[in-house]
Amino acid sequence: MTAREGDVVDEQSRHTRWLLVVALIVQFMVALDMSVVNVALPDMRSDLGFTPQGLLWVVNAYALAFGGLLMLGGRLADLLGSRVILTAGLVLFGAASLAGGLAWSPGGLIAARAVQGIGAAALAPVAFALIALAFPAGPARSRALGLWGMAGAAGGAVGVLAGGVLTDAAGWRAVMLVNVPIVGFALVGAVRSGLRGGAARSGARLDVAGALLATAGTTLLVLGLVRTSTDAWGSARTLGTLGAAVLLLIAFVVVELRTRTPLLRPGLLTGRPVLTANLFCLLLSSGQFAAFYFVSLYMQQVLDYGPTAAGIAFLPFSAGVVAGSIVATRTVASLGTGRLLALGGFLAALGLAGFAATARADGGFLYSILGPSLVCSIGIGMCFVPLGTAATTDVAPDETGMASGLLNSARQVGGSLGLAVLVTVAARVTGDGGRPADLAAGYSAAFWVCAGLLAVAALVALVLLPGRGRTAAAGAPETIPEAAPVAGPENSQKNLRGTVDPAGSRSTQG
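Residues numbered from 1 in each chain as written. Predicted model: local features only at pLDDT ≥ 70, side-chain atom pairs only at ≥ 80, totals over all residues. Heavy atoms only, no water.

1. Examining the environment of Ala342
Link 1 in the chain: Looking at where Ala342 falls in the secondary structure, it is placed in helix α13 (residues 337-358).
Link 2 in the chain: The sequence separation of Ala342 and Ala455 amounts to 113 residues, and the corresponding C-alpha distance is 8.4 Å.
Link 3 in the chain: Among all residues touching Ala342, those that are not within four sequence positions of it are Ala458, Ala461 and Leu462. (Helix = DSSP H or I, 4+ residues; strand = E, 2+ residues; numbered from the N terminus. Contact = heavy atoms within 4.5 Å.)

Set out below in structure tokens:
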């Protein structure tokens, strides 16, 4: 290798490292924002004069914009280039965070949260696609996907802890303003990475009809699910909203089957790895997000933890995710995606069963929180690498954003669906009782269902990806990739002291 060739390789390697840094910052920030706000909700209510129902929209406005626009955000990255969508998403997210931190009315804060959700819908698919396109299949991508999973877990755990600390020390505005310097660092990293892909793809056309139907259908689906916090499942509003969502999504499928430039190419889901990844992600998020929510309630309403103490108690979970991701990185080539997904899913289900068995009024940190947290988190951490590998298997470079948007949509919809359903399960078991023993019984029932969902996810992986699966490339020799043009537990821990009714029914949705 000549000196000039060595300089080129070093430059490519530097760009690739910065691309990874940007992807991890974005993943960390999106996960952080989904958990950091919840702790500050009571202070927001008292300072800005929110009504109880209005306060819900501080969380719901973000969830609706984020969930409804994920597919569109991923596809726009394919069509317009990653640099454009990444930069626009970061600027939008940072500006909305600043506006939210300076808001002086309920409407202003809710609007800022909605714009944050729009920015996050652009950023989450790009963060995943940066890794999928910048790193070739093999050890390099496995390590990057492991770090991606760790960044999400760290963001969620830091968000819960930082939300309590920042609110106590500097007030609720700090939890909004904390995103501004993170966005600034991500923008610097994007420049340092030499990220290309700013020009629109030749002949590229946006599937406008598909985009409108997907956005409206997904938004109504998420809206119908978050409304179950105030409207019964059988109410006319809930059934009407969910029914309209189903009709719009059916129309979306019909349009995608007929258009020449679809927002979501139907054939993408005919690949067994991609189909498995999305089904697994839907089930995983349905159980995982709800479990985090109930663990937070159990610690605060039954064990009487404060916000900061609850945040600290979640830290071992993040450590377990890191450990599980390291294990997955080192074993994915030998075990294969199917076996590793199944093993991680069963281990996570075992940890959730541990929560269910030990969630009692006289529970303690060591056996009711720490033990189940470590088992569950190691299992979840083992899922990120094979999940990311399966989701991008046989996906063309110009459809990576499409695949990423689909996976993120499965995660968001799964989380909303699981939380909505399991809140109902817990409430029925709890009944009208507000005693710690009654609450613990309701949470225990929800944990058992969460464990069942994770077990089903593991079975899906075993059935659809038998044996080693398609991981031959995982053993390929690592190369230094060129900085390519590139097309998001995210953590849903809910720390909601002061915003949950005595029976433990949900009053916020993330």
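2. Considerations on unusual backbone geometry
Link 1 in the chain: Even without being a glycine, Asp304 presents a positive backbone phi close to 65°.
Link 2 in the chain: In this structure, Asp304 sits in the loop between α11 (272-302) and α12 (307-335).
Link 3 in the chain: Phi angles above zero are rare outside glycine, and Asp394 is one such case at about 65°.
Link 4 in the chain: Tracing the backbone through its elements, the reader meets Asp394 in the loop between α14 (365-391) and α15 (400-430).
Link 5 in the chain: The class for Asp394 is exposed, based on a relative accessible area of 57%. (Buried < 20%, exposed > 50% of the residue type's maximum accessible area, 1.4 Å probe, protein only.)

3. Some details on the packing of aromatic side chains
Link 1 in the chain: Applying the stated criterion across every chain, the model contains 9 aromatic pairs.
Link 2 in the chain: Ring geometry for Trp148 against Phe384: centres 6.2 Å apart, planes inclined by 85°, an arrangement best described as edge-to-face. Pair noted here: Trp148 is in helix α6 (residues 139-170) and Phe384 is in helix α14, with a separation of 236 residues, a long-range link. Assigned by exposure class, Trp148 and Phe384 land together as buried.
Link 3 in the chain: In this structure an aromatic cluster arises from ring pairing among Tyr293, Phe294, Phe355, Tyr443 and Phe447. (Phe/Tyr/Trp six-rings, centres within 6.5 Å; stacked < 30°, edge-to-face > 60°.)

4. Let's talk about the pattern of salt bridges
Link 1 in the chain: Scanning the entire structure with this criterion turns up 5 salt bridges.
Link 2 in the chain: Between Asp47 and Arg173 there is a salt bridge, with its nearest N and O atoms 3.8 Å apart. Here Asp47 is found in helix α2 (residues 41-48), whereas its partner Arg173 is found in helix α7 (residues 173-177), with 126 residues between them in sequence.
Link 3 in the chain: With a shortest N-O distance of 3.3 Å, Asp362 and Arg360 are connected by a salt bridge.
Link 4 in the chain: A relative accessible area of 55% places Asp362 in the exposed class. (Salt bridge = Lys/Arg side-chain N within 4 Å of Asp/Glu carboxyl O.)

5. Section: the packing of helix α5 (residues 106-134) against α6
Link 1 in the chain: Two elements in contact, α5 and α6, have axes separated by 9 Å at closest approach and are oriented at 165°. Relative to α6, the element α5 is oriented roughly antiparallel. Remark: the crossing between α5 and α6 carries right-handed chirality. Of the residues in α6, those touching α5 at Phe128, Ile131 and Ala132 are Arg141, Ala144, Leu145 and Trp148. (Axes fitted to C-alpha atoms, helices over the stretch in contact; angles between N-to-C directions. Parallel < 35°, antiparallel > 145°, perpendicular 65-115°, else oblique. Left-handed = near helix turned anticlockwise from the far one by under 90°.)

6. Describing the confidence of the model for the protein
Link 1 in the chain: On average, residues of the protein score 81 in pLDDT, and 86% of them are at 70 or above.
Link 2 in the chain: For the protein, helix α1 (residues 3-36) is the element with the lowest average pLDDT, namely 72, and α13 is the one with the highest, namely 95.
Link 3 in the chain: Counting interchain partners and residues more than four positions distant, the pLDDT-below-50 stretch residues 1-10 has 3 contacts.
Link 4 in the chain: Every residue in residues 469-510 is under pLDDT 50, and counting partners more than four places away or in other chains gives 173 contacts. (pLDDT = per-residue confidence, 0-100.)

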